Protein chains: 2
Amino acid sequence: MEARRDVFQAIADPTRRQIIDMVARESLNLNTIAEQFTMSRQAISLHIKILTECGLVTIRQEGRERICAAKLDKLNEISEWVAQYRKHFEAKFDSLERYLTKLQKDKKNAAKRK
Amino acid sequence: MEARRDVFQAIADPTRRQIIDMVARESLNLNTIAEQFTMSRQAISLHIKILTECGLVTIRQEGRERICAAKLDKLNEISEWVAQYRKHFEAKFDSLERYLTKLQKDKKNAAKRK
DNA sequence: TATATTTGCAAGTAAATACTTGCATAATAT
DNA sequence: ATATTATGCAAGTATTTACTTGCAAATATA
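Read on for a plain summary of the structure. (Residues numbered from 1 in each chain as written. Chains lettered and ligands numbered in written order. Predicted model: local features only at pLDDT ≥ 70, side-chain atom pairs only at ≥ 80, totals over all residues.)

Some thoughts on the overall build of chain A
Link 1 in the chain: Along its length, chain A carries six helices and three strands.
Link 2 in the chain: Across chain A, helices and strands are ordered from the amino to the carboxyl terminus as α-α-β-α-α-β-β-α-α.
Link 3 in the chain: A burial count over chain A gives 19% of its 114 residues as buried.
Link 4 in the chain: Excluding contacts between residues fewer than 6 apart, the proportion of contacts in chain A whose partners are at least 24 apart in sequence is 55%. (Helix = DSSP H or I, 4+ residues; strand = E, 2+ residues; numbered from the N terminus. Buried ≥ 20, exposed ≤ 12 C-beta atoms within 10 Å, placed from the backbone. Contact = placed C-beta atoms within 7 Å.)

Okay, structure coming up:
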């Protein structure tokens, strides 16, 4: 159980995405996270290990507890990768683009009225 | 070799990301894609099958050839999932945000000068 | 028609993945 | 001090993944 360990792979697993979701809201210790799942604590521990190894989660020891916190900077890799294909799925980006266009139009209009 | 077949899993594999990259630029037939890799045609064929199964690639038969085209709408699932954690990796979004802020400031200034 | 090309299907393999259970250890709480 | 809690580590298993090689079928080309 070793090998590739990149962000793309890390978020491929639904359990790991759920874990990310949990710790993104609030830092939690390992057992609290594990309790939310039906699978064993060990399994969750391993998922968290994977998440820390690729830098999406950080752990700080606090007494006997290990507090897991989200550190999702690396998700940039994902969004940047996706962004390059923007033209292939413009539809959903429309709202943002419309917003930008509107802002620029407003700016122009404001300038005109000046 | 069956099971989960979602976009997150599809893009987890670097070979598949490469394939996406190739067909996003230009639709290509299966063999042409396979030739770019050292691994066997069958392996590539399977990767492409996975990509079509989750809707990221479409195939049209043309004589004996199968032309693979990118259809990356589903990447939205990814970008939407990532977007919800935006606050966790603001840094890189900074440029866009700065841009938006600047636009709004310009707009305000323009209005003031009016 | 004989031959090339483009591909699918099937069977088989090696490695990785996603788990499990059992046991050990350190920190806290009683 | 003893029990409880939070965790790690190790070994083992089932399933999935990522491939391979070999063969068959359909289309195009000489």
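Things to note about the sheet that holds strand E2 (residues 57–62) of chain B
Residues and elements named next belong to chain B.
Link 1 in the chain: Sheet architecture is open: three strands sit in the order E1-E3-E2, paired in antiparallel fashion. Either end of the sheet is taken by a strand with one partner, and the two such strands are strand E1 (28–29) and E2.
Link 2 in the chain: As paired elements, E2 and strand E3 (residues 65–70) share six bridges and run antiparallel to each other. Its bridge partner being in E3, glutamine 61 is matched across the sheet by arginine 66.
Link 3 in the chain: Sheet strands in contact with helix H2 (residues 14–25) are E1, E2 and E3, and its direction is about 95 degrees off that of E3.
Link 4 in the chain: Packing against the sheet, helix H4 (residues 41–53) makes contact with E2 and E3, and its axis sits at approximately 115 degrees to E2. (Pairing = 2+ DSSP bridges. Axes fitted to C-alpha atoms, helices over the stretch in contact; angles between N-to-C directions.)

Some details on H2(B)
Link 1 in the chain: In this model, H2(B) (12 residues) spans 17 Å end to end at C-alpha, consistent with the 16 Å of a helix rising 1.5 Å per residue.
Link 2 in the chain: Buried residues in H2(B) make contact with helix H1 (7–10), E1, helix H3 (30–35), H4, E2 and E3 of chain B. (Expected span 1.5 Å × (residues − 1).)

Focus: the sheet that holds strand E3 (residues 65–70) of chain A
Residues and elements named next belong to chain A.
Link 1 in the chain: The three strands are arranged E1-E3-E2 in an open sheet whose pairing can be described as antiparallel. Where the open sheet ends on each side, the last strands, each with one partner, are strand E1 (28–29) and strand E2 (57–62).
Link 2 in the chain: This element, helix H2 (residues 14–25), spans E1, E2 and E3 of the sheet and lies at about 95 degrees to E3.
Link 3 in the chain: In the packing of helix H4 (residues 41–53) onto the sheet, the strands contacted are E2 and E3, and the crossing angle to E2 comes to about 115 degrees.

Considering the packing of H2(A) against H4(A)
In a packed pair of helices, the relevant descriptors are the angle between the two axes and the axis-to-axis distance.
Residues and elements named next belong to chain A.
Link 1 in the chain: Where H2 contacts H4, the axes come no closer than 10 Å and their chain directions differ by 75 degrees. Classed by the angle they form, the pair H2 and H4 counts as roughly perpendicular. From H2, Thr15, Arg16, Ile19 and Ile20 reach across to H4, where they touch His47, Ile48, Ile50 and Leu51.
Link 2 in the chain: Per-class residue counts for the contact of H2 with H4 are five nonpolar, two polar and one charged. (Parallel < 35°, antiparallel > 145°, perpendicular 65-115°, else oblique. Nonpolar A, V, L, I, M, F, W, Y, C, P; charged D, E, K, R; others polar.)

Some details on the nonpolar core
Link 1 in the chain: By size, the foremost hydrophobic cluster in this structure holds 40 residues, and its most contacted members are A:Ile78 and B:Ile78.
Link 2 in the chain: Sequence-distant contacts of B:Ile78, defined by excluding residues within four places in its chain, comprise A:Ile78, A:Val82, B:Val7, B:Phe8 and B:Ile11. (Core = buried A, V, L, I, M, F, W, Y, C linked by C-beta atoms within 7 Å.)

Overview of the packing of helix H5 (residues 75–83) of chain A against helix H5 (residues 75–83) of chain B
Link 1 in the chain: Packing of H5(A) against H5(B) leaves a shortest axis separation of 10 Å and a crossing angle of 145 degrees. Considering the relative orientation of H5(A) and H5(B), their crossing is left-handed. Across the interface between the two elements, A:Leu75, A:Ile78, A:Ser79 and A:Val82 from H5(A) touch B:Leu75, B:Ile78, B:Ser79 and B:Val82 from H5(B).
Link 2 in the chain: Taken together, the residues that form the contact of H5(A) with H5(B) break down as six nonpolar, two polar and no charged. (Left-handed = near helix turned anticlockwise from the far one by under 90°.)

A closer look at H4(B)
Residues spaced three or four apart along an α-helix face the same direction, because each turn holds 3.6 residues.
Residues and elements named next belong to chain B.
Link 1 in the chain: With 13 residues, H4 ought to run about 18 Å at 1.5 Å a step, and its terminal C-alpha atoms sit 18 Å apart, in line with that.
Link 2 in the chain: Considered for burial, the residues of H4 that qualify are Ile44, His47, Ile48 and Leu51. Along the axis of H4, the buried positions cluster into a sector of 100 degrees, meaning they face one direction only. Turned more than 90 degrees away from the buried face of H4 sit Gln42 and Glu53, all of them exposed.
Link 3 in the chain: Buried residues along H4 sit against H1, H2, H3, E2 and E3. (Arc of directions from axis to C-beta.)

A closer look at the environment of A:Met22
Residues and elements named next belong to chain A.
Link 1 in the chain: By the element assignment, methionine 22 lies in helix H2.
Link 2 in the chain: Overall, methionine 22 belongs to the partly exposed group, with 17 C-beta atoms counted inside 10 Å.
Link 3 in the chain: Between the alpha carbons of methionine 22 and alanine 34 there is a distance of 11 Å; along the sequence they are 12 residues apart.
Link 4 in the chain: Those residues in contact with methionine 22 that sit more than four places away from it in its chain are Leu28, Ile33 and Gln36.

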